[in-house]
Amino acid sequence: MTLVPSWPLAGVRVVDLSTEIAGPYCTKLLVDAGAEVVKVEPPAGDPLRRYSASGTTIPDGQDGALFQYLNASKQSVVADLDTAEGCERIRNLSSTADIVVESLGAGEMARRGLSLAALQQRNRRLSLVSISPWGQSGPWAQRPATEWTLQAATGSTASRGLPERGPVGFGGRIGDWIAGSYAAVGAVIAWISAREAGSGQHVDLSTFEAMLTVMPCFGDMHGQLIGGAALLQRIELPGVEPAKDGWVGFCTNTGQQWKDFCGLIGRPDLGEDPLFQDFSYRMAHVDVLREAFHAYTRQHTIDEIVETATAWRIPCSPVGNGRDVLTMDHMLERGVFVQNPGGFLQPRPPYTLEKTPLRPIGRAPRLGEHREQLLPEREQPAPTAAAQMSVPLPLAGLCVVDLTAFWAGPAATLFLADMGADVVKVESIQRPDGMRFATVIRTEPLWERSAVFQGCNPGKRGITLHLESEEGRALFKKLLMTADVVAENFSARVMEHFGLGWDAIHAINPRLIMLRMPAYGLDGPWRDRPGFAANVEQACGLAWITGYEDMPLIMNVCDIIGGMHGVFALLMALEHRRRTGEGQLVEATLLEPALNVAAEQVIEYSAYGTLLTRMGNRSPYAAPQGVYSCADPDERLALAVASDAQWHALCSVIGAADWAASPALATLAGRRAAHDAIDKRLSAWLAGMACEIAVEKLVSAGVPAHPLINGYHIMPNPQLEHRQFFQVLEHPVVGRIRYPGLPMRFSAFPRHLHRWAPPLLGQHNDEVLGGDLGLSREELAALREKQVIGERPSFM
């Protein structure tokens, strides 16, 4: 008898038609969890096989290290999708698969006769995950784009940097990693749904929407709440600062952390000035503040600063890169980096399951290595026409007790709520979710007016419980008795402080899954450090590759990345429980997903000895690439030429026949070498032209370009309107406003999945504690009197 591995996705079959980063990272997460992934490549192979960010020449017969990282443990077959024979091979492979993942471009599968409807003629349970820049339909579906120009479209690029030095975008193609993270979760959800409903569906993921969900930090919602103001260009203060021996990062998201930071640097006067609680006021005094910061930081080493800041409970981190992160004590003790069979170091899978093993890392396949192998046949339902009817949401009936706060954890539980789970958000009046007070409008009740809190919490029920009281803990334990999941993202010591560590919770309900999302992990030298996503970005290297060449900057993207990896890990634990009935502890830190999406730095350094670093608005992936001013100096556009075809299109548009004919500019490497000269001529062409006209000329010719959009002014946007990305909800305090939805459309689910607006503080106390737990009105009144529950912060 053949033993089936106990990996969570053992037996799941995936056909991978994708290239570059987003699709392969999606299927990497699937294969690491045990799925069988067959990578389908063109006859010449995936172009990523020949790629290195450092420009290292890949010897014949070998593959680039990034390709090996993204495609470890997969199989490879060859099929030319421009031929009838190649398309038929895809139909054959798909007939025994559960999921197809593709990134061919909007409408390309259907053009080849490979639409989901066509594929489901042979396999009704098949689901198709499509990853494209703008989504499969809409007025911009065919608009040329790269990850760089999509950054501009989200409103992110325009908001970052020092005003006198101009806007600066993210490094590292982070948007593609974000899209891949969402796609993996979408693929698993579609597979779960197909198992229950008997029919698969199309998951249509827009990279633009995935980036919009993450990058401008709910900019559209901020814009609605403050009423038309523009998002100003800024840097974090404090953020990444120079130390005596390198760079050190801070994050002061709360008022107390800002005051403590000012005390740390010997400037308590700044902390006592209430005006400096406002981030825009800090930015207006950026030079004064940076001088004060650096008077302290430049006199101390990184280790000295981190040790002292940690003692003050100020979130602080060394700034890592592809070399230094490998020797950090926390990474070494936790065994974060492991050997790839290709001979270089890579981060391990970004979560741990107490009872469920993950697939050991195998080598990446040689091109066409498995050409004689097809996925084995298995019994299928009788062929029928594909039906895209509405089906029940796959997590309906799942009860989630949600202790998470700020952004990463609430983003994870929001996804669970959108998929049908009953999410009960637990706060306290002594300590509400801190995000309720972040960048709020100073109007009562101000704790209901935070854009990020609003964006992360639709569809949940909200209660308050004072967990430091015996009565509060008793009621919390009663909630756990019938729950399926409890989620928290405190620092590692907090749940044990409440007497609610894993052993205690497991004893209450053995079927319960506990999702823990600390910044750095439940063990290791950094376990008790306070940390936000910004600190994680500083530590993992993402800040190292973003910013000006002489000044690293924070991205603020790792909350959602961590949240989606937390969801993926939880879905794996739920699959284990479906098979065994067992609950378990799940650890999904913020740090390790960030290390996975920043992996290219470690890979390049350990494989080729090259330390990647900041390039301002340039990159290894495209040339020319940058932010360029137009006739109106306040109007800028982002442009990126990522292929030879796009280069020739650019030459045609600007009338540069000499460039088109130049052998020195015929390759990406040549164009990177001549970037200064190209920028000078390109800037001269743009200087006499309105931004809107320039973008239209470029896009019409096939050159990826986009105006720099202000993050508060995303709407109106015809593509978002077509795809119904936003959902209007009525909130008791802020009224009718747009809420962002998911960046992927599930063909079998409603487009709008938020069931109601975010809860007011303690809004559902009576419903949950009275209705679900059976407390009387008198008991509830007594709890309010003792401040065990309530509907207003105790300190307001």
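Everything discussed here concerns the structure shown above.
Residues numbered from 1 in each chain as written. Predicted model: local features only at pLDDT ≥ 70, side-chain atom pairs only at ≥ 80, totals over all residues. Heavy atoms only, no water.

1. Notes on the overall build of the protein chain
Convention followed: Helical segments are the DSSP runs of H or I of at least four residues, strand segments are the runs of E of at least two, and each set is numbered from the N terminus. It is over C-alpha atoms that the radius of gyration is taken, and the globule rule equals 2.2 Å times the number of residues to the power 0.38. Accessible area is worked out with a 1.4 Å probe on protein chains only. A residue is then buried under 20% of its type maximum, exposed over 50%, and partly exposed in between. The contact definition used throughout considers only heavy atoms, calling two residues in contact when any of these lie within 4.5 Å. Method for areas: the Shrake-Rupley scheme with a 1.4 Å probe, in which residue coverage is limited to the protein chains shown. Only four residue types enter the charge count, namely Lys and Arg as positive and Asp and Glu as negative; His and the chain termini do not. Charge positions come from single atoms, namely NZ of Lys, CZ of Arg, CG of Asp or CD of Glu.
Check the secondary structure of the protein chain and you find 32 helices and 26 strands. A compact globule built from 796 residues should have a C-alpha radius of gyration of about 28 Å, and the protein chain, at 26 Å, falls within 12% of that. For the protein chain, the spread of C-alpha atoms along the principal axes amounts to about 80 × 70 × 50 Å. Sorting the 796 residues of the protein chain into buried and exposed places 63% on the buried side. Put simply, of all contacts in the protein chain between residues at least 6 apart along the chain, 76% involve residues at least 24 apart. If you sum the accessible surface of the protein chain, you get close to 28,500 Å²; carbon and sulfur atoms cover 52% of it. One finds the centroid of the 71 positive side-chain charges in the protein chain at a distance of 3 Å from the centroid of its 87 negative side-chain charges.

2. A word on the sheet that holds strand β8 (residues 246-250)
Rules: One requirement defines pairing of two strands: DSSP has to find at least two bridges between them. Every axis corresponds to a line fitted to the C-alpha atoms, with the helix fit spanning only the stretch in contact, and the corresponding angles, defined between N-to-C directions, vary from 0 to 180 degrees.
Ordered by their spatial adjacency, three strands build an open sheet running β7-β8-β9, and the pairing between neighbours is antiparallel. The strands lining the two open edges of the sheet, one partner per strand, are β7 (240-243) and β9 (316-318). With strand direction ignored, the average angle separating the axes of adjacent strands in the sheet is 30°. Sheet topology note: the β8/β9 ladder contains three bridges and is antiparallel. The residue of β9 that forms the bridge with F250 is C316. Lying on the sheet, helix α13 (residues 286-297) is in contact with β7 and β8; it crosses β7 at an angle near 40°.

3. Quick look at the pairing of strand β17 (residues 513-516)
Both faces of the sheet carry side chains from a regular strand, because those side chains alternate between them. Of the two faces of β17, the one holding I513 and L515 and the one holding M514 and R516 are both buried throughout. In terms of strand pairing, strand β16 (residues 485-488) meets β17 through four bridges, oriented parallel. Its bridge partner being in β17, V485 is matched across the sheet by I513. When β17 meets strand β20 (residues 585-587), the two strands line up parallel, connected through three bridges.

4. Quick notes on empty space enclosed by the protein
Operational definition: Only protein atoms enter the calculation, which uses a 1 Å grid: trapped sets of points that fit a 1.4 Å probe without letting it out are cavities, open sets showing protein on both sides within 12 Å along at least five of seven lines are pockets, and any residue with an atom within 4 Å of a point is a lining residue. Grid points are joined across faces, edges and corners, and a volume is the space filled by probe spheres set on the points.
Inspection of every chain in the model, using the stated rule, returns six cavities of 30 Å³ or more. By volume, the largest cavity amounts to about 140 Å³. Lining the largest cavity we find 16 residues, and of these Y182, T213, L414, G741 and L742 sit closest to its centre. Those elements giving two or more residues to the lining of the largest cavity turn out to be α16 (408-418), α17 (451-456) and α22 (558-580). If one sorts the elements of the lining of the largest cavity by residue count, α16 sits on top with four residues. Empty space within the second largest cavity amounts to approximately 80 Å³. Lining the second largest cavity we find L212, T213, P216, F218, G219, D220, M221, F725, F726 and P740. Elements with a minimum of two residues in the lining of the second largest cavity: α8 (207-214) and α9 (219-226). The biggest single contributor to the lining of the second largest cavity is α9, with three residues.

5. With respect to the pattern of salt bridges
Worth spelling out the cut-off: By definition, a salt bridge exists where a carboxyl oxygen of Asp or Glu is found within 4 Å of a side-chain nitrogen of Lys or Arg.
If you walk through the whole model with that rule in mind, you get 49 salt bridges. Between R577 and D484 there is a salt bridge, with its nearest N and O atoms 3.0 Å apart. With R577 in helix α22 and D484 in the loop between α18 (470-481) and β16, this residue pair connects regions lying 93 residues apart in the sequence. Side by side, R577 and D484 carry an identical accessibility label, which is buried. Shared partners join several salt bridges into a network, and the residues in it are R195, E196, E575, R578 and R579.

6. Some thoughts on the nonpolar core
Let me state the cut-off plainly: Joining through side-chain atoms within 4.5 Å is the link that ties buried Ala, Val, Leu, Ile, Met, Phe, Trp, Tyr and Cys residues into a set, and such a set is a nonpolar core.
In this structure, L9, I174, F568 and L571 are the most contacted members of the largest nonpolar core, which totals 142 residues. The greatest single-element share of this core, amounting to 14 residues, is contributed by helix α7 (residues 174-197). Ignoring any residue separated from it by four or fewer positions in sequence, one finds F568 in contact with L9, L29, L30, A33, A184, V185, V188 and Y351. Membership of the second largest hydrophobic core comes to 33 residues, among which are A483, M514, L775 and L780.

7. Notes on the packing of aromatic side chains
What counts here: The aromatic pairing rule takes the rings of Phe, Tyr and Trp, using the six-membered ring of Trp, and pairs them if the centres are within 6.5 Å, calling planes under 30 degrees apart stacked, those over 60 edge-to-face and the rest tilted. Both a distance and an angle decide whether a charge sits over a ring: NZ of Lys or CZ of Arg must be within 6 Å of the ring centre and within 35 degrees of the ring normal.
Summed over all chains, the structure comprises 20 aromatic pairs. Both rings, one in W134 and one in F208, keep their centres 4.9 Å apart while their planes meet at 55°; by these two values the pair is tilted. Of this pair, W134 sits in the loop between β5 (127-132) and α6 (147-154) while F208 sits in helix α8; the two residues are 74 residues apart in sequence, bridging distant segments of the chain. Aromatic pair F250 and F261: ring centres 4.9 Å apart, planes at 65°, arrangement edge-to-face. A residue pair is termed long-range when its members are at least 10 positions apart, and F250 in strand β8 and F261 in helix α10 (residues 255-264) qualify at 11 residues. Take F250: its relative accessible area is 0%, and that puts it in the buried class. Taking relative accessible area as the criterion, F261 reaches 0% and is therefore assigned buried. Grouping aromatic residues by their ring pairs yields a cluster made of F250, W258, F261, F276, Y281 and F293. Above the face of the Y621 ring, R173 is positioned so that its terminal group lies 4.0 Å from the ring centre. A cation over a ring is seen here: R195 above W191, with NZ or CZ 4.7 Å from the ring centre.

8. Here's the deal with the pairing of strand β22 (residues 636-640)
Of all the five residues making up β22, four are buried; the element is thus mostly covered by neighbouring parts of the structure. Sheet analysis places strand β21 (residues 625-629) next to β22, joined by five bridges and oriented antiparallel. Bridging from a neighbouring strand, Y628 pairs with L637 of β22.

9. Re the sheet that holds β17
Strand pairing in a sheet is mediated by backbone hydrogen bonds. Such pairs are either parallel or antiparallel. In space, the seven strands of this open sheet follow the order β12-β20-β17-β16-β13-β14-β15, with mixed pairing throughout. Looking at strand neighbours, the two that pair on one side only are β12 (352-353) and β15 (461-464), the edges of this open sheet. Where strand β13 (residues 399-402) lies against β16, three bridges are found, and the strand directions are parallel. From the neighbouring strand, D402 faces β16, where its bridge partner is A487.

10. Side note on the packing of α6 against α8
This is how it is decided: Under this scheme an angle from 65 to 115 degrees is roughly perpendicular, one under 35 degrees roughly parallel, and one over 145 degrees roughly antiparallel; angles in between are oblique. By definition, any crossing whose near helix is turned counterclockwise from its far helix by less than a right angle is left-handed, and any crossing with a clockwise turn is right-handed.
Closest axis-to-axis distance for the α6/α8 pair is 9 Å, and the angle between their directions is 50°. Considering the angle they form, α6 stands oblique to α8. Helix-helix and strand crossings are classified by hand; for α6 and α8 the assignment is right-handed. Facing E147, L150, Q151, A153 and T154 of α6, the residues of α8 in contact are T207, F208, M211 and L212.

11. Some remarks on the side chain of Q151
Note that Q151 resides in helix α6. Classification of Q151 as buried rests on a relative accessible area of 0%. Sequence-distant contacts of Q151, that is, excluding residues within four places in its chain, are made with S156, T157, G169, F170, M211 and M215.

12. Quick word on α13
Basically, it comes down to this: A helix's residues, less one, multiplied by 1.5 Å, set its expected span.
Taking 1.5 Å per residue, 12 residues should reach 16 Å; α13 reaches 16 Å between its end C-alpha atoms and fits that length. Along α13, the residues classified as buried are V286, L289, A292, F293, H294, Y296 and T297. On its buried side, α13 packs onto β7, β8, α10, α11 (268-272), α12 (279-284) and α14 (302-311).

13. Describing the side chain of R671
Relative to the elements of secondary structure, R671 occurs in helix α27 (residues 668-673). A relative accessible area of 1% means that R671 is categorised as buried. Excluding residues that lie within four positions of it along the chain, R671 makes contacts with A623, S643, D644, W647, A664, L665, A666 and I678.

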